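Fold and contact review
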Amino acid sequence: MTLLEERWRGVLDNMAEAVRRAGRKEGSVRLVAVSKFHPASDIAELCRLGQKDFGENYIQEAREKQAELSDLDIRWHAIGPVQTNKAKDVAGRFSLLHTLDRVELARALVRRLPEGASQDVLIQVNVGEEPQKSGVHADELPALFEALLQDGLIAADGAGLHVRGFMCLPPRCGEGEEARPYFVMLRRLRDDMEKRFGLSLPELSMGMSGDYREAIEEGATLIRVGTDIFGPRPVKGQTLLGCR
Ligand SMILES: *Cc1c(COP(=O)(O)O)cnc(C)c1O
């Protein structure tokens, strides 16, 4: 077994254990392997072992890997901030966009979607209200939903954007218990918004290498794990992410 396979299996084991500990249903959490800055060959190796969901932060890097691995059956997740002028490189090209945080981007995505196509998205919430992070602040969330609904930018089904839930990147990522209150906060926000707008928002994308067990205990349905699977990233990546 390669080191990569060993690490990946280790994460799957820990996930399953956290799911059991939380009394949740087997298979209720999906692992998104975050492959930013790691080579396409690593993605191909894991894909052959059965890992199908991969997350990338930078659209350009993701598009290059998509082209290189086009013969593999991969669900690509866009998990980094997206500039409005990059909407054309995202719309219809990712299985899930985790980082919708403004009406302007929603409008650009809808405009760039192929005729009749849909795009699943999550709304990123800046749970720590950190100025350097993207995401909508919790208290602005109702206004964002109202604007999206009013402008006809989101739909429950059919063509257009489908909001499936929420994503967060808590402050001081990597320190398990420190992140837990933010995970709880995201879950409650989800429950509130479902009630308030009569929407179904089943997905919660939360938890990274340092805190995915806590995230699972608090209701994550998608965890985004990079380092614990692929090993450390080149320094560049860590600086850009602003954590660890
Ligand atoms: C890089 C990144 C991850 C993975 O972080 P690790 O600590 O390496 O597991 C998860 N989510 C987002 C948004 C990221 O940018």
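Look above for the structure.
Quick summary incoming for the structure in this document. (Residues numbered from 1 in each chain as written. Predicted model: local features only at pLDDT ≥ 70, side-chain atom pairs only at ≥ 80, totals over all residues. Heavy atoms only, no water.)

1. Looking at a positive patch on the surface
Here is the rule we go by: Patch membership needs two things, relative accessible area over 30% and no salt bridge, and members are linked within 9 Å if like-charged or within 5 Å if nonpolar (Val, Leu, Ile, Met, Phe, Trp, Tyr). Residue burial considers only the protein chains on display, and all accessible areas are found by Shrake-Rupley using a 1.4 Å probe. One side-chain nitrogen of Lys or Arg within 4 Å of one carboxyl oxygen of Asp or Glu is enough to make a salt bridge. The sign given to each residue is positive for Lys and Arg and negative for Asp and Glu; His and the chain ends receive no count. To locate a charge, the coordinates of NZ of Lys, CZ of Arg, CG of Asp or CD of Glu are taken. Runs of H or I in DSSP of at least four residues are treated as helices and runs of E of at least two as strands, each being numbered from the N terminus.
A cluster of like positive charges, contributed by Lys-86, Lys-88, Arg-111 and Arg-112, occupies part of the molecular surface. Within the secondary structure, Arg-112 is located in helix H4 (residues 103–112).

2. Description of the site of the ligand
Counted only if it meets this: The near set for a molecule or strand comprises every residue that places at least one heavy atom within 4 Å of it. Counted as a polar contact is a pair of N or O atoms within 3.5 Å, where, for protein atoms, one must be capable of donating a hydrogen and the other of accepting one, and residues adjacent in sequence contribute only when both atoms are in side chains. Only Asp, Glu, Lys and Arg are considered charged in this grouping, and only Ala, Val, Leu, Ile, Met, Phe, Trp, Tyr, Cys and Pro are considered nonpolar; every other residue, Gly among them, is considered polar.
What surrounds the ligand is a group of 15 residues, the closest being Lys-36, Asn-57, Ser-209, Thr-227 and Arg-233. With respect to the ligand, the side chain of Lys-36 contributes an N or O atom lying 2.7 Å from an oxygen atom. At 2.8 Å from an oxygen atom of the ligand is found a main-chain nitrogen or oxygen belonging to Gly-226. When the free accessible area of the ligand is taken as 390 Å², the share hidden by the protein chains comes to 98%. Its residues assigned to classes, the shell around the ligand shows 7 nonpolar, 4 polar and 4 charged.

3. A look at the pattern of salt bridges
For clarity, the cut-off: Classification of residues uses two cut-offs on accessible area relative to the type maximum, computed with a 1.4 Å probe and protein chains only: under 20% is buried, over 50% is exposed, and between them is partly exposed.
As enumerated under the stated definition, the model contains 17 salt bridges in all. Glu-5 serves as the salt-bridge partner of Arg-9, at 2.8 Å between the closest nitrogen and oxygen. Within this pair, Arg-9 and its partner Glu-5 are both found in helix H1 (residues 3–21), separated by 4 residues, close to a single helical turn. Residue classification places Arg-9 among the partly exposed positions, given a relative accessible area of 33%. Here Asp-191 ties to Arg-190 by a salt bridge, and the two come within 2.9 Å at their closest N and O atoms.

4. Here we look at helix H6 (residues 176–197)
Stated formally: Helix span is expected to be 1.5 Å times the residue number reduced by one. Residues are treated as being in contact if the distance between any of their heavy atoms lies within 4.5 Å.
For H6, with 22 residues, the first-to-last C-alpha span of 32 Å sits near the 32 Å given by 1.5 Å per residue. Looking at H6, one finds that the buried residues are Gly-176, Ala-179, Arg-180, Phe-183, Val-184, Leu-186, Leu-189, Arg-190, Met-193 and Phe-197. Buried positions along H6 lie against strand S5 (118–125), helix H5 (141–150), strand S6 (160–168), strand S7 (203–205) and helix H7 (212–217). Positive phi shows up at Gly-198, right after H6, with a value of about 60 degrees.

5. Side note on unusual backbone geometry
For Phe-37, which is not glycine, the phi torsion reads 70 degrees and is therefore positive. Along the chain, Phe-37 turns up in the loop between strand S1 (30–34) and helix H2 (40–49). Backbone geometry places Glu-129, a non-glycine residue, at a positive phi of 50 degrees. Among the structural elements, Glu-129 can be located in the loop between S5 and H5.

6. Some words on the nonpolar core
We count it as follows: Joining through side-chain atoms within 4.5 Å is the link that ties buried Ala, Val, Leu, Ile, Met, Phe, Trp, Tyr and Cys residues into a set, and such a set is a nonpolar core.
Core analysis: the largest hydrophobic core is formed by 67 residues, its most contacted members being Ile-123, Phe-145, Phe-166 and Ile-229. Not counting the four nearest positions on each side in its chain, Ile-229 is found in contact with Leu-4, Arg-7, Trp-8, Val-11, Leu-31, Ala-33 and Leu-46. Judged by nonpolar contacts, the second largest core, of 5 residues, contains Val-32, Leu-96, Leu-122 and Leu-222.

7. Here's the deal with the pairing of strand S3 (residues 75–78)
Here is the rule: If DSSP finds at least two bridges between two strands, the strands pair. Place the viewer so that the strands point away; then a crossover is right-handed whenever the path from the first strand over the helix to the second strand goes clockwise.
Summarising the sheet, strand S2 (residues 53–56) and S3 pair through 4 bridges and their orientation is parallel. Bridge pairing in S3 links Phe-54 to Trp-76. Taking the sense of rotation as the criterion, the β-α-β connection linking S2, helix H3 (residues 59–68) and S3 turns out right-handed. In this sheet, strand S4 (residues 96–100) lies alongside S3 in parallel orientation, the contact comprising 2 bridges. Residue pairing across strands places Ala-78 opposite Leu-97, the latter belonging to S4.

8. A word on the packing of aromatic side chains
Stated precisely, the cut-off is as follows: Aromatic pairs are defined between Phe, Tyr and Trp rings, using the six-membered ring for Trp, whenever the two ring centres lie within 6.5 Å; interplanar angles under 30 degrees are classed as stacked, those over 60 as edge-to-face, and all others as tilted. When the NZ atom of lysine or the CZ atom of arginine is within 6 Å of a ring's centre and also within 35 degrees of its normal, the charge is said to sit over that ring.
Enumeration over the complete set of coordinates arrives at 4 aromatic pairs. With centroids separated by 6.5 Å and ring planes inclined at 45 degrees, the aromatic side chains of Phe-54 and Trp-76 adopt a geometry described as tilted. Here Phe-54 is found in strand S2, whereas its partner Trp-76 is found in strand S3, with 22 residues between them in sequence. For the pair Phe-54 and Trp-76, one class covers both residues: buried. Their ring planes at 80 degrees and their centres at 6.0 Å tell us that Phe-145 and Phe-166 sit as a pair that is edge-to-face. Of this pair, Phe-145 sits in helix H5 while Phe-166 sits in strand S6, and the two are 21 residues apart along the sequence. In terms of burial, Phe-145 and Phe-166 fall into one category: buried. By the ring-pair criterion, three or more aromatic residues cluster together here, those being Phe-145, Phe-166 and Phe-197. When the ring centre of Tyr-212 is taken as origin, the NZ or CZ atom of Arg-213, which lies over that ring, is 4.7 Å away.

By themselves, these are just geometric observations and shouldn't be taken as functional.
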